[in-house]
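What follows is each chain in one-letter form.
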Protein chains: 2
Amino acid sequence: MGAETKLQDSIATTMDAMGIAARRAAASLARSTGATRDHALKAAARQLRAHADEILAANGEDMQDARRRGLSAAMLDRLLLDAARIEAMAAGVEAVAALGDPLGRVLAEWTRPNGLVIQRVTVPLGVIGIIYESRPNVTADAAALCLKAGNASILRGGSESFHSSTAIHHCLLAGLEEAGIDPAAVQMVPTTDRAAVGYLLSSMAQWVDVVVPRGGKSLIKRVQDEARVPVIGHLEGICHVYLHAAAGTDMARDVALNAKMRRTGICGAAETILVDRDAAERLIPAVAQALAEAGCEVRGDDTVMGLVAAAVPASEADWSTEYLDAIVSIRVVDGIDEAVRHIERYGSGHTESIVTDDAAAADRFLRDVDSAIVLHNASTQFADGGEFGMGAEIGIATGRIHARGPVGAEQLTSYKYVVRGSGQVRP
Amino acid sequence: MGAETKLQDSIATTMDAMGIAARRAAASLARSTGATRDHALKAAARQLRAHADEILAANGEDMQDARRRGLSAAMLDRLLLDAARIEAMAAGVEAVAALGDPLGRVLAEWTRPNGLVIQRVTVPLGVIGIIYESRPNVTADAAALCLKAGNASILRGGSESFHSSTAIHHCLLAGLEEAGIDPAAVQMVPTTDRAAVGYLLSSMAQWVDVVVPRGGKSLIKRVQDEARVPVIGHLEGICHVYLHAAAGTDMARDVALNAKMRRTGICGAAETILVDRDAAERLIPAVAQALAEAGCEVRGDDTVMGLVAAAVPASEADWSTEYLDAIVSIRVVDGIDEAVRHIERYGSGHTESIVTDDAAAADRFLRDVDSAIVLHNASTQFADGGEFGMGAEIGIATGRIHARGPVGAEQLTSYKYVVRGSGQVRP
């Protein structure tokens, strides 16, 4: 037997054992009270604060390795922890604890003519695999949301954040212990071998109910390609702002500017602005000037090129590019239908906004655009669980199955039917 | 290029074209009114009645082929259509038309402190692949449910029912035409080549949002193994009736008998009866006698063997067997916890029932058993969308993602967030 085969076998054995333990923990979590789970979360937050020094030391190791490997400044920033970020992580876990219990909620109840009383009641999803990249705080955020909803989690972070994530995981385990919860409720894959991700995606359907990927396009793509388990995630956020002919100039400018430039690196940032031809001369110069002043490069179609001196020509590829940067593409369209068709063709089903004073036009856009989130007269940067008032989120789902839009604790549940009778048999 | 490669290419071309057309039809269905979709359904029902003779003739061809190929009597019965079955099919389509519109329902609505009004609104799932076996009526049932919820469907029935399904499909298309709906809203795979199923499962994720398999264990297994698209379905219905110590003898007997014997071939039929040791001597003889009188073979553990003369010993395999026949396995357990553990280990997460007069014991069982449907004092044979008052169903989902239990029109929807503002930008 070659060394590689042995390694594969050892990963399979490790991962299977995690799956079995996670399933067992999930069964006991399903019977736990919300108070017990909240107790574990609050204790974990305390542990994170109490062990901030150890977490920082572990993060120092990761940072040193990362610098040695020449990671980009952006990657290093994502990896870096400091006292403020650890405090934010602890506060985030406490905020999840403070949310209402998503389990045992009666979603619907009705009585049949034969007297059967039927309830649809929320229950945990089961076991959730979280595959993420360099941000170590995801370890705490994702595990907390899973635990809140009674799910066992199997965490697989990026190799570059392994030490940081391990230190954070120790705090979470201490929280579970304080509350008397099976430590297998939050497990971390104990190897940075990429084969473990493949095994989790392809061979653990028996134990893993759903996988949530968090990270860049290549990670999401790998997960979608290899997964034999259900996936909740989003591939890209190619978000659009559509400035309708009946949009006021100020609101059009303010919404477009905020949607693009408030933060350019988040999935809800706008990448393309569509402008009605009838309002192009009025809106495009105002919008382009505000964007340029904020440091944004403008790429545009021929009309835009004629109206904005600093614009560069947009290529076909621009319409389907998620820049995640201070670049925007602007295109002129002939009305709502063309805007909708553009979004259908180039969009990613994430978030789109129409700016207009015409309520009928807005309703049409909100109905016809098939994205997880559609907005009227508001920035696409509101695409966020916190901004929706749903509390923490594990991501924005662009798939159509199970959950769409922000995925918070409520979305990490399933349901079952509870039926109460008095001896009914079926004729 | 070999003949097989050419065939594969031709299937890929055909299937891709269906996928593209289905996506286009789905986009227009998403904008259709409920009245238009109901119009198409009612027209399709009329067409089914008007063309009953052609459907019967096509079914005659299928039956002739099936007899020539030596299909079993059960298979032949599933395949057979007659005037009554066609009328039932038409009435079923009309019943779906009569259901409320599952689309555009506001599932939740709230206002944020910044004035944004957020609604979660139901929308279609998109494109649904239905893979089924010999029952030709599934063609009408499944397509009707998909259409009701604004979904385009790609139907792939069993090769043995190809002529019947094609004739039924023609009636559905005529219904779509009457209502002015894109005929690609209901497409049938025009080949019986099994490679088309593989292609649908593995290579059409771009166009197919979810696959619903309807059929026996081997079909479902194939779908779960090969699918690179989300699947809603159930693998098996190994359903349990648990007779608690505080169960009255008459109700225990009546519920167990009905759960097992009303119809043995449906997924909600009970396969195993668990009996509390404290009540074994009182309950088992009464239950076993009623089952034996109804023609059911009883397999049991040692205690059962001592109480029921006609019983045969149950093997370990019996506890995980879905008989779908007049056979039952009976096991004695020491209380609720052991019953729950047995169900966890051997059950399929479909439907389980407890019979007891003890409300606290019932609540415990209903909470701790993690199945799609849990019942108290009622037969497992109520596991059915119609019996739940949900109208027609496409199956009972035992997965935990998206839908669980009966899958009707309401479960064939997704949702989107509609957000109305007045120029809000994110600070």
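What you are looking at is a predicted structure, and each value in this text was computed from that prediction instead of being measured.

Engineer: Mind showing me how you'd approach the overall build of chain A here?
Structural biologist: Within chain A one finds 14 helices and 16 strands. Taken over the C-alpha trace, chain A has a radius of gyration of 24 Å; the compact-globule value for 427 residues is 22 Å, and the two agree within 12%. Projected onto the principal axes, the alpha-carbon positions of chain A cover approximately 70 × 65 × 45 Å. Residues counted as buried form 56% of the 427 residues belonging to chain A.

Engineer: Would you mind going over the relation of the copies chain B and chain A with me for this structure?
Structural biologist: Both copies of the chain are placed relative to one another by a rotation about an axis and a shift along it. Least-squares fitting of chain B to chain A yields an RMSD of 0.0 Å, with the transformation described by 0.0 Å of translation along the axis and a rotation of 180°. Overall, the copies show the geometry of a two-fold rotation axis. Ranked by how close their C-alpha atoms come to the rotation axis, the residues of chain B are headed by His-402 of chain B, at 1.8 Å. Mapped onto chain A, 100% of the interface residues of chain B are again interface residues, and the two copies thus contact each other with one and the same surface.

Engineer: Hey, could you run me through the sheet that holds strand β2 (residues 117–124) of chain B in this one?
Structural biologist: Within a sheet, adjacent strands bond to each other through the backbone by hydrogen bonds, running parallel or antiparallel. The strand order across the open sheet built from 10 strands is β10(A)-β9(A)-β11(A)-β8(A)-β7(A)-β12(A)-β13(A)-β16(B)-β2(B)-β1(B), with neighbouring strands paired in mixed fashion. Looking at which strands have only one partner, the edges of the open sheet turn out to be β10 (312–313) of chain A together with β1 (106–111) of chain B. In the sheet, strand β9 (residues 297–300) of chain A pairs with strand β11 (residues 327–333) of chain A via 4 bridges, with the strands oriented parallel. What sits directly across from Glu-297 of chain A, in β11 of chain A, is Ile-327 of chain A. Where helix α11 (residues 280–293) of chain A meets the sheet, it contacts β7 (239–243), β8 (270–276), β9 and β11 of chain A, and its direction lies at approximately 155° from that of β8 of chain A.

Engineer: Honestly, the packing of helix α5 (residues 83–98) of chain A against helix α6 (residues 137–148) of chain A in this entry has me stumped. Any pointers?
Structural biologist: Axes are the key here: two packed helices are described by the angle between their axes and the distance separating the axes. All names here are of chain A. Put simply, α5 and α6 touch, their axes get as near as 9 Å, and they point 5° apart. The angle between α5 and α6 places the two elements in the roughly parallel class. Residues Arg-85, Met-89, Gly-92, Val-93 and Val-96 of α5 pack against Asn-137, Ala-140, Asp-141, Ala-144, Leu-145 and Lys-148 of α6. Looking at the contact of α5 with α6, its residues break down into 6 nonpolar, 2 polar and 3 charged.

Engineer: Looking at this structure, I do not really get the nonpolar core. What am I missing?
Structural biologist: One broad rule of soluble globular proteins: the nonpolar side chains tend to lie buried together. Of all hydrophobic cores here, the largest spans 277 residues; its most connected members are Val-93 and Leu-243 of chain A together with Val-93 and Leu-243 of chain B. Once you skip the residues sitting within four places of it in the chain, Leu-243 of chain B turns out to touch Ala-252, Ala-256, Ile-273, Leu-274, Val-275, Asp-276, Ala-279, Leu-283 and Val-355 of chain B.

Engineer: Explanation requested: the sheet that holds strand β5 (residues 186–188) of chain B in the structure shown.
Structural biologist: Residue and element names in this part refer to chain B. Ordered in space as β5-β4-β3-β6, the 4 strands form an open sheet in which the pairing is parallel. For this open sheet the edge positions go to β5 and β6 (210–214), each flanked by a neighbour on one side alone. The mean inter-strand angle of the sheet, taken between neighbouring strand axes irrespective of direction, is 20°. Here helix α6 (residues 137–148) sits on the sheet and contacts β3 (127–132), β4 (152–156), β5 and β6; the angle it forms with β4, its principal contact strand, is near 160°.

Engineer: For this particular structure, what's the right way to read the interface of chain B and chain A?
Structural biologist: Accessible area lost upon the coming together of the parts serves often as the stated size of an interface. At the interface, 55 residues of chain B touch 55 residues of chain A. Of all the secondary-structure elements, those providing two or more residues to the side of chain B that touches chain A are α1 (3–30), β2, α10 (249–261), α14 (359–368), β13 (373–378) and β16 (413–424) of chain B. Among the elements that line the side of chain B that touches chain A, the one with the most residues is β16 of chain B, at 11 residues. For the side of chain B that touches chain A, the residue count by class is 25 nonpolar, 15 polar and 15 charged. Inspection of the sheet shows strand β13 (residues 373–378) of chain A paired to β16 of chain B by 5 bridges, in the parallel sense. Looking across to β16 of chain B, one finds that Ala-378 of chain A is bridged to Gln-424 of chain B.

Engineer: Teacher, can you tell me more about helix α14 (residues 359–368) of chain A here?
Structural biologist: Because each turn of an α-helix spans 3.6 residues, side chains separated by three or four positions in sequence point in the same direction. Every buried residue of α14 of chain A is accounted for by Ala-361, Ala-362, Phe-365 and Leu-366 of chain A. An end-on view of α14 of chain A places all buried positions within 130° of arc, on one side of the element. In this structure, α14 of chain A carries Ala-359 and Ala-360 of chain A as exposed residues pointing more than 90 degrees from its buried face. Along its buried surface, α14 of chain A packs onto β7, α13 (336–346), β12 (351–355) and β13 of chain A together with β16 of chain B.

Engineer: So what exactly am I meant to see when it comes to the environment of Ala-326 of chain A here?
Structural biologist: Residue and element names in this part refer to chain A. If you trace the backbone, Ala-326 turns up in the loop between β10 and β11. Sequence separation of Ala-326 and Ala-294 is 32 residues, and the distance between their C-alpha atoms is 8.7 Å. If we ignore the near neighbours within four places in the chain, the residues touching Ala-326 are Met-261, Thr-264, Gly-295, Cys-296 and Glu-297.

Calculation notes
Residues numbered from 1 in each chain as written. Chains lettered and ligands numbered in written order. Predicted model: local features only at pLDDT ≥ 70, side-chain atom pairs only at ≥ 80, totals over all residues. Helix = DSSP H or I, 4+ residues; strand = E, 2+ residues; numbered from the N terminus. Rg over C-alpha atoms; globule rule 2.2 N^0.38 Å. Buried ≥ 20, exposed ≤ 12 C-beta atoms within 10 Å, placed from the backbone. Least-squares fit on C-alpha atoms with pLDDT ≥ 70 in both. Contact = placed C-beta atoms within 7 Å. Pairing = 2+ DSSP bridges. Axes fitted to C-alpha atoms, helices over the stretch in contact; angles between N-to-C directions. Parallel < 35°, antiparallel > 145°, perpendicular 65-115°, else oblique. Nonpolar A, V, L, I, M, F, W, Y, C, P; charged D, E, K, R; others polar. Core = buried A, V, L, I, M, F, W, Y, C linked by C-beta atoms within 7 Å. Arc of directions from axis to C-beta.

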